[in-house]
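Below, each chain spelled out in residue letters.
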Amino acid sequence: MLKELEKKKVFSGYQYRYQHDSQVLKCSMVFTLFLPKLDNKQTIPLIWWLSGLTCDDQNFATKGGFQAYAQANQQAIVIPDTSPRGEGVPDDDAYDLGQGASFYLDASQEPWSQNYLMYTYLSQELPELVKSLIPNFSGQEAIMGHSMGGYGALMLALRQPERFQSVSAFAPITNPSQVEWGKKAFSNYLGDNHHQWQTYDPIYLLDQEKVPPMLITQGTADEFYPNQLTEEAFLSAANQHNHQVTYNKEEAYDHSYYTIASFIGQHLAFHHDHLRDNI
Ligand SMILES: N[C@@H](CCC(=O)N[C@@H](CSC=O)C(=O)NCC(=O)O)C(=O)O
C-alpha cells in the first residue's frame, strides 16, 4: 500500500514523500518525488537521483537545490532511499556497509541476499510505482547520483543503456573493485567471485558499443577524492572504447552537498538537452 507522508509546494511544483511495502526488499521503504507544475500539456521525463553512504531520500531533497531547475526544465525527480531499512534488515556498525550503504546491487551472500536487492528494486518494482504517479510521463528516463550514488547511476546506466538517455554523477566511485569502499561492499555482498564484481563495476561495463552520454563533476578539495574516487582508469577505459565522458574538475569544491547544489543546474541542463534530443 502506498502512503503519502508529506506534500510540500516548492518553486510552483510539489514535492511528495511516500512510503510503500517493497515485495523485492521485504521491508517498508520511503522515497521522495518532485513533480513540476506543467507549463502546458507537454509530457515530462523522469530523472533518478541516487544518494551516497549514510544518506536517505532527505539529503538531496533538502540540500540538493534542484527544484527550481527541475521546474524550469519540466523534469520529474525521484529520490529513492539508499538501502533496505528496518529492524529485521541486516546491518553493520560501520557507515559504509549495511543500511544506508547498499551500493545499489543485488547481494548474493547471506545474510545480505535476503533484503539487499536494490538493483532489482530500482529496475522493476520502484519504476513501475513511480511512473504510475506521474500524470504526463514521456517514457524517457535519465539517472544521476553522488559518491556511492554516482557509482550507482553509472552502473545502472551502463547496465541498462536502452533505458537511460543520459547519466551524470558527482564524485562517483568509478572503479569500486579497486578502492576500499568498493572492495569492502563487494566482498560482503557478492563474496570473492571477482567475475561477479566485474558485472557491477562501471569500468568493465564500458565494453559495449553504445552507452548513454556521461557527465561527471569532481571537486578538487574532496577529502575522498585521492583514495576512493580517482578517475584515471575509468576515463582511460572510456577512451579505449570510444565513449565520450565530460569530466569536470572543479577547483576547491569538496564532497558535500554545497558542491552538488552549486552544479546541479548544470547537470539538469545536460539531461534536459539529451532528453529533448531523443523526443
Ligand atoms: N564518515 C562520514 C562519511 C559519510 C559521508 O561523507 N557521506 C556522504 C556520501 S560518501 C559516499 O557515498 C554524504 O553524502 N553524506 C551526507 C550529507 O548530507 O553530506 C560520515 O559518517 O559522516
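All values reported here derive from a predicted model rather than from experimental measurement.

Cut-offs and rules
Residues numbered from 1 in each chain as written. Predicted model: local features only at pLDDT ≥ 70, side-chain atom pairs only at ≥ 80, totals over all residues. Heavy atoms only, no water. Buried < 20%, exposed > 50% of the residue type's maximum accessible area, 1.4 Å probe, protein only. Helix = DSSP H or I, 4+ residues; strand = E, 2+ residues; numbered from the N terminus. Arc of directions from axis to C-beta. Contact = heavy atoms within 4.5 Å. Phe/Tyr/Trp six-rings, centres within 6.5 Å; stacked < 30°, edge-to-face > 60°. Lys NZ or Arg CZ within 6 Å of the ring centre and 35° of its normal. Near = heavy atom within 4 Å. Polar contact = N/O pair within 3.5 Å; in protein donor to acceptor, adjacent residues only side chain to side chain. Areas by Shrake-Rupley, 256 points an atom, 1.4 Å probe, with all protein chains shown as cover. Nonpolar A, V, L, I, M, F, W, Y, C, P; charged D, E, K, R; others polar. UniProt positions renumbered as here; feature names shortened; annotations may be inferred. 1 Å grid on protein atoms, 1.4 Å probe; cavity = no way out; pocket = protein on both sides within 12 Å on 5 of 7 lines; lining within 4 Å. Lys, Arg positive; Asp, Glu negative; His and termini not counted. Salt bridge = Lys/Arg side-chain N within 4 Å of Asp/Glu carboxyl O. Points joined across faces, edges and corners; volume = space filled by probe spheres on them.

**Points about helix α9 (residues 232–240)**
Among all positions of α9, only F234, A237 and A238 are buried. Looking straight down α9, one finds that the buried residues subtend no more than 100° of arc, so they occupy a single side. Seen from the open side of α9, the exposed residues pointing more than 90 degrees away from its buried face are E232, N239 and Q240. On the buried face of α9, the contacting elements are α4 (148–159), α7 (202–205), β8 (214–219) and β9 (245–250). Looking one or two residues beyond α9, the residue adopting positive phi is N242, at roughly 60°.

**With respect to the packing of aromatic side chains**
Per the counting criterion, the structure on display carries 16 aromatic pairs. Centroid distance W112 to Y189: 5.4 Å. Interplanar angle 90°. Geometry classified as edge-to-face. Remark: Y189 occurs in helix α5 (residues 180–190) and W112 occurs in the loop between β5 (76–80) and α3 (118–131); sequence separation between them is 77 residues. Each member of the pair, W112 as well as Y189, carries the same accessibility label: buried. Taken together, F34, W49, F60, F66 and F170 form an aromatic cluster joined through their ring pairs. Note that R159 overlies the ring of Y119, its terminal NZ or CZ placed 4.3 Å from the centroid. Across the ring face of Y200, the terminal group of R159 is positioned such that the distance to the ring centre comes to 4.4 Å.

**Side note on the site of the ligand**
L53, N59, K63, S147 and M148 are the nearest of the 14 residues found near the ligand. Note that an oxygen atom of the ligand is positioned 2.8 Å from one of the backbone N or O atoms of L53. Contact between the ligand and K63: an oxygen atom at 2.6 Å from a side-chain N or O atom of the residue. Here the ligand, which alone exposes 540 Å², has 70% of that area covered by the protein. For the shell around the ligand, the class distribution of residues is 7 nonpolar, 6 polar and 1 charged.

**Structural notes on the UniProt feature "active site" (unreviewed entry) in the chain**
The positions UniProt marks with the feature "active site" (unreviewed entry) are S147, D222 and H255. For the annotated residues, spread through 109 residues, the largest C-alpha to C-alpha distance comes to 10.7 Å, consistent with a single compact locus. Annotated residues from the preceding list that form part of the lining of the largest cavity: these are D222 and H255. When you line up the elements, D222 lands in the loop between β8 and α8 (225–228). The exposure class assigned to D222 is buried, which follows from its relative accessible area of 3%. By relative accessible area, H255 is classed as buried at 10%.

**Quick notes on the side chain of D222**
Salt bridges are absent for the buried D222, whose nearest opposite-charge side chain, K249, sits at 11 Å. Looking at D222, its side chain comes within polar contact range of the side chain of Q218, at 3.1 Å. Setting aside chain neighbours within four positions, we find D222 in contact with A171, L229, Y253, D254 and H255.

**Regarding empty space enclosed by the protein**
Overall, the coordinates contain 2 cavities of 30 Å³ or more when judged by the stated rule. Each pocket or cavity is described by its volume, and for the largest cavity that value is around 50 Å³. Contributing to the lining of the largest cavity are H146, F170, A171, T217, Q218, G219, D222, D254, H255, S256, T259 and I260. Looking at the lining of the largest cavity, the elements that each hand over two or more residues are β8 and α10 (257–277). With 3 residues, β8 is the largest single contributor of residues to the lining of the largest cavity. Among the residues making up the lining of the largest cavity, the classes are represented as 3 nonpolar, 7 polar and 2 charged. Within this model, the second largest cavity holds a volume of roughly 30 Å³. Taken together, W48, L50, L122, I143, L156, R163 and F164 form the lining of the second largest cavity. Here the lining of the second largest cavity is composed, by residue class, of 6 nonpolar, no polar and 1 charged.

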